[in-house]
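Geometric and topological summary
Spelled out, the chains give:
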Amino acid sequence: MLLVVGVYLVAGNLAGGAGGGSIALAKGAVPAAYSSLVQKWGNLCPALNPALLAAQLYQESGFNPNAKSPAKAEGIAQFIPGTWATHGIDGNGDGVRNVWDPNDAIPSAASYDCQLASYVKDVPGNQSENMLASYNAGAYAVIKYQGVPPYAETKNYVKTITSLEQSFAAPVSRVDPSQQAATAINYAQKKLGTPYLWGGNGTADQGGRFDCSGLTKAAFESAGITLPRVANDQYNAGPHPQRSELLPGDLVFFSDDLTNSRAIRHVGIYVGGGYMIDAPRTGAVIRFDPIDTPDYFGATRVTEDGAKALPTTV
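Given the structure is predicted, the values throughout are model-derived calculations rather than measurements.

1. Observations concerning the environment of Pro-177
- Structurally, Pro-177 is set in the loop between helix H7 (152-165) and helix H8 (181-190).
- Accessibility expressed as a relative area gives 56% for Pro-177, which makes it exposed.
- The sequence separation of Pro-177 and Gly-249 amounts to 72 residues, and the corresponding C-alpha distance is 8.5 Å.
- If we ignore the near neighbours within four places in the chain, the residues touching Pro-177 are Leu-247 and Arg-301.

Next comes the structure, spelled out in structure tokens:
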């Protein structure tokens with residue numbers, strides 16, 4: 001949630017640091033209703049980029065414009081009233097600053113990010129990481145230590161957010177293969193023929209049965225990586241290789257809305273040759289299925305840091 005300077009704001013950025021138009025959003029990672037806003041306002045200052053802004057919004061609300069937290073943080077960017085009063089802007093020029101309107105809240109989040117970044121603009125090092133550190137520890141601490149302060153919480157905060165941001169940026173080069181992929185595939189192969197169960201996690205009381213995301217979660221847990229429970233959050237567990245770059249162990253996703261990762265409804269584990277292992281539906285068993293169907297959405301190469309960075313609830 002967006003609180004006060006130096007207390008708590010979640011965002012993310014590429015390790016390279018500089019913002020700008022050269023950074024494209026990953027396909028469908030941001031819902032189509034907000035992607036143009038994120039692309040435009042994500043280029044507001046050098047410390048910001050569209051993928052950073054997208055990561056912030058996902059972390060804060062899961063792109064839900066009606067989100068409200070117990071701390072009374074409101075809207076898609078989760079401003080608390082006091083911060084909105086001083087940092088909210090009229091992004092769409094209609095004469096109203098409305099925290100519930102993404103056309104105001106998304107520009108306000110970007111504006112707030114950049115204002116905070118300006119406080120530490122003269123500190124050496126990666127300006128985006130310094131900006132993130134200032135959210136967590138305060139700009140005064142970043143200035144004092146001339147960079148990310150040596151606080152375990154702050155250092156972990158910066159790593160977490162920069163890892164999450166990778167999921168929202170279109171890769172600019174081939175994505176490295178996952179070291180855990182073979183273990184995950186091996187686990188899934190052992191489950192071939194197991195009946196599907198909606199909500200199934202493979203537990204003994206469920207007869208060892210799974211649904212689609214329950215299977216992928218269990219497969220990667222066998223490799224030491226904890227994924228979220230549902231498919232549309234698993235999509236954000238790492239960068240997104242192109243169809244031509246798929247490797248065994250990549251997660252592959254399917255949706256009836258190819259412009260919005262939040263609408264993903266199915267996931268499987270790619271095994272090569274255009275096939276995946278998946279738990280398809282009630283009445284079926286875990287099996288091999290082709291991935292080249294009209295509802296193919298995209299893929300994720302799961303990383304340990306990417307999975308750890310995901311919020312527990314959005």
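2. Description of the sheet that holds strand S3 (residues 275-278)
- Taken in spatial order, the five strands make up an open sheet running S4-S3-S2-S1-S5, and their pairing is antiparallel. Either end of the sheet is taken by a strand with one partner, and the two such strands are strand S4 (287-290) and strand S5 (296-300). The sheet shows a mean angle of 40° between the axes of neighbouring strands, taken without regard to direction.
- Bridge analysis of strand S1 (residues 251-255) against strand S2 (residues 264-272) gives five bridges, and the strand direction is antiparallel. Note on S2: the bridge partner recorded for Val-252 is Gly-268.
- Against the sheet, H8 touches S2 and S3, its axis set at about 105° to S2.
- On top of the sheet, helix H9 (residues 212-221) reaches S1, S2 and S3; it is set at about 45° to S2, its chief contact.

3. Observations regarding the packing of H8 against H9
- Close contact between H8 and H9 brings their axes to 7 Å; oriented N to C, the two are set at 130°. Our classification of the angle between H8 and H9 gives oblique. Judged by the twist between their axes, the crossing of H8 over H9 is right-handed. When H8 is examined against H9, the residues Ala-184, Tyr-187 and Ala-188 are found in contact with a partner set consisting of Leu-215, Ala-218, Ala-219 and Phe-220.
- Looking at side-chain class alone, the contact of H8 with H9 contains seven nonpolar, no polar and no charged residues.

4. A few points about the state of the cysteines
- Under the criterion given, the structure shown has one disulfide.
- Across the disulfide, Cys-45 is cross-linked to Cys-114 (sulfur-sulfur distance 2.1 Å). Residues Cys-45 and Cys-114 are joined by a disulfide whose S-S torsion is about -85°; by sign, that bridge is left-handed. Taken together, the residues Cys-45 in the loop between helix H1 (32-41) and helix H2 (50-61) and Cys-114 in helix H4 (residues 102-119) connect sequence positions 69 residues apart.

5. A word on unusual backbone geometry
- Here Gln-78, not a glycine, exhibits a phi torsion of approximately 55°, which is positive.
- Following the sequence through the fold, Gln-78 ends up in the loop between H2 and helix H3 (81-87).
- Accessibility expressed as a relative area gives 4% for Gln-78, which makes it buried.
- Of note, Gln-146 is a non-glycine position whose phi angle comes to about 55°, a positive value.
- Tracing the backbone shows Gln-146 in the loop between helix H6 (139-145) and H7.
- For Gln-146, a relative accessible area of 41% gives the class partly exposed.

6. Thoughts on the pairing of S2
- Pairing between S2 and S3: three bridges, direction antiparallel. Bridge pairing links Ile-269 to Ile-277 in S3.
- From the end of S2 to the start of S3, which pair antiparallel, there are two residues, and Gly-273 there has a positive phi angle of about 65°.

7. Considerations on the packing of H4 against helix H5 (residues 127-137)
- One way to put it is that H4 packs onto H5 with a least axis distance of 9 Å and a crossing angle of 95°. Viewed along their axes, H4 and H5 adopt a mutual orientation that is roughly perpendicular. Contacts from Asp-113, Leu-116 and Ala-117 of H4 reach H5 at Met-131, Ser-134 and Tyr-135.
- Considering only residue class, the contact of H4 with H5 consists of four nonpolar, one polar and one charged.

8. A few points about the environment of Ala-33
- With respect to the helices and strands, Ala-33 occurs in helix H1.
- For Ala-33, a relative accessible area of 59% puts it in the exposed group.
- For the pair Ala-33 and Thr-259, spaced 226 residues apart in the sequence, the C-alpha separation amounts to 9.0 Å.

9. So, the side chain of Thr-194
- With respect to the helices and strands, the residue Thr-194 is situated in the loop between H8 and H9.
- Classification of Thr-194 as buried rests on a relative accessible area of 14%.
- At 2.7 Å, the side chain of Thr-194 forms a polar contact with the backbone oxygen of Lys-191.
- Apart from residues lying up to four places away in sequence, Thr-194 is in contact with Gly-208, Arg-209, Ala-284, Val-285 and Ile-286.

Conventions adopted
- Residues numbered from 1 in each chain as written.
- Predicted model: local features only at pLDDT ≥ 70, side-chain atom pairs only at ≥ 80, totals over all residues.
- Heavy atoms only, no water.
- Helix = DSSP H or I, 4+ residues; strand = E, 2+ residues; numbered from the N terminus.
- Buried < 20%, exposed > 50% of the residue type's maximum accessible area, 1.4 Å probe, protein only.
- Contact = heavy atoms within 4.5 Å.
- Pairing = 2+ DSSP bridges.
- Axes fitted to C-alpha atoms, helices over the stretch in contact; angles between N-to-C directions.
- Parallel < 35°, antiparallel > 145°, perpendicular 65-115°, else oblique.
- Left-handed = near helix turned anticlockwise from the far one by under 90°.
- Nonpolar A, V, L, I, M, F, W, Y, C, P; charged D, E, K, R; others polar.
- Disulfide = S-S within 2.5 Å.
- Polar contact = N/O pair within 3.5 Å; in protein donor to acceptor, adjacent residues only side chain to side chain.

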